[in-house]
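Examining the three-dimensional arrangement
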Amino acid sequence: MIKNVIFDVALVIVDWDPTRFSRHVPESEVKALIDSEAFAAINHRTDAGMSLEQAVAEFDEHHPDLAPTYRAYLEHFEDSVSGPMPGTSEIIAELLERGVPTFGLSNWAAENFHVAEEAAPILGRLDDLVVSGRVGLAKPDEAIFRLALERFGCEASETVMIDDTVRNLDAAEKVGLHTLHFTAATKLRTDLQALGLL
């Protein structure tokens, strides 16, 4: 029986799009950065605890052609977060009102997670929240799921993980979590009703 719910944050609770700073930088430069392997790699490492200062230094050293655009991305990071994802905050509020233990597990750099918190105030109502950059682990590392379960006091077999990224869900399943692939709040509501949580 599912008793607990864990939500991913980016593109589940908070609407995040890293290309939105294009009003400050030519779109061609934004595309070159976002499509690069370097951006994906650094983004994952900052999610896992690397400081943003270190990330900038790595771009300066190894990808000088992309470094100015990466700096602009960080400088205008607030632009990438437009607000809450439609409908998810309402679902979380209903779960909490029903007494369902409800948590967050986010891949996000520690230094700018406040942007997410400001964009979606429902984050402050969760029973607890693990931010990858604060704990030095990031999905899909199975260790972060184990850490979250221990911190939340939840059994994996009684807990469902909601995420928009399939590889994260695959890792969650390996530690015994039930999973739901998030595509829209309307589908999530149906899925949670089927589990008897709403």
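From a predicted model like this one, the values you see are computed outputs, not experimental measurements.

Conventions we followed
Residues numbered from 1 in each chain as written. Predicted model: local features only at pLDDT ≥ 70, side-chain atom pairs only at ≥ 80, totals over all residues. Heavy atoms only, no water. Helix = DSSP H or I, 4+ residues; strand = E, 2+ residues; numbered from the N terminus. Buried < 20%, exposed > 50% of the residue type's maximum accessible area, 1.4 Å probe, protein only. Polar contact = N/O pair within 3.5 Å; in protein donor to acceptor, adjacent residues only side chain to side chain. Contact = heavy atoms within 4.5 Å. Pairing = 2+ DSSP bridges. Right-handed = clockwise from strand over helix to strand, strands pointing away. Core = buried A, V, L, I, M, F, W, Y, C linked by side-chain atoms within 4.5 Å.

Take the environment of aspartate 35 next. Of note, aspartate 35 is situated in the loop between helix 1 (27-34) and helix 2 (37-47). Given a relative accessible area of 51%, aspartate 35 falls into the exposed group. Between the alpha carbons of aspartate 35 and arginine 134 there is a distance of 26 Å; along the sequence they are 99 residues apart. Within the structure, aspartate 35 has its side chain in polar contact with the side chain of lysine 31 (distance 2.6 Å).

With that settled, consider the side chain of aspartate 163. Following the sequence through the fold, aspartate 163 ends up in strand 6 (residues 159-163). Only 3.5 Å separates the side chain of aspartate 163 from the side chain of asparagine 168, close enough to count as a polar contact. Beyond its immediate chain neighbours, meaning those up to four positions away, aspartate 163 contacts Asp8, Val12, Lys139, Asn168, Leu169, Leu180, His181 and Phe182.

Attention now moves to the pairing of strand 4 (residues 102-106). Most of strand 4 is tucked away, with five of its five residues classed as buried. Alternating residues of strand 4 divide into Thr102, Gly104 and Ser106 and Phe103 and Leu105, and every residue in both groups is buried. Sheet topology note: the strand 1 (residues 4-7)/strand 4 ladder contains three bridges and is parallel. Bridge pairing in strand 4 places valine 5 opposite threonine 102. Taken together, the four bridges between strand 4 and strand 5 (residues 128-131) define a ladder with parallel strand orientation. Looking at strand 5, one finds that glycine 104 is bridged to leucine 129. Handedness of the crossover is the feature at issue here: the chain leaves strand 4, passes through helix 6 (residues 113-119), returns alongside strand 5, and the resulting connection is right-handed.

Here we take up unusual backbone geometry. Each neighbour pair has its own omega, and for lysine 139 with proline 140 the value is 15 degrees, a cis peptide bond. Mapped onto the fold, proline 140 is located in the loop between helix 7 (132-135) and helix 8 (142-152). For leucine 11, which is not glycine, the phi dihedral falls at a positive 65 degrees. The residue leucine 11 is located in the loop between strand 1 and strand 2 (14-16) in this model.

Right, let's talk about the nonpolar core for a bit. Residues Phe7, Ile13, Val14, Tyr70 and Trp108 are the most contacted members of the largest nonpolar core, which totals 57 residues. Ranked by residue count, the leading element in this core is helix 5 (residues 88-97), at five residues. Setting aside its immediate chain neighbours within four residues, tyrosine 70 contacts Leu33, Phe39, Ile42, Thr46, Leu52, Ala55, Val56 and Phe59. Membership of the second largest hydrophobic core comes to 17 residues, among which are Phe103, Phe152, Cys154 and Ala171.

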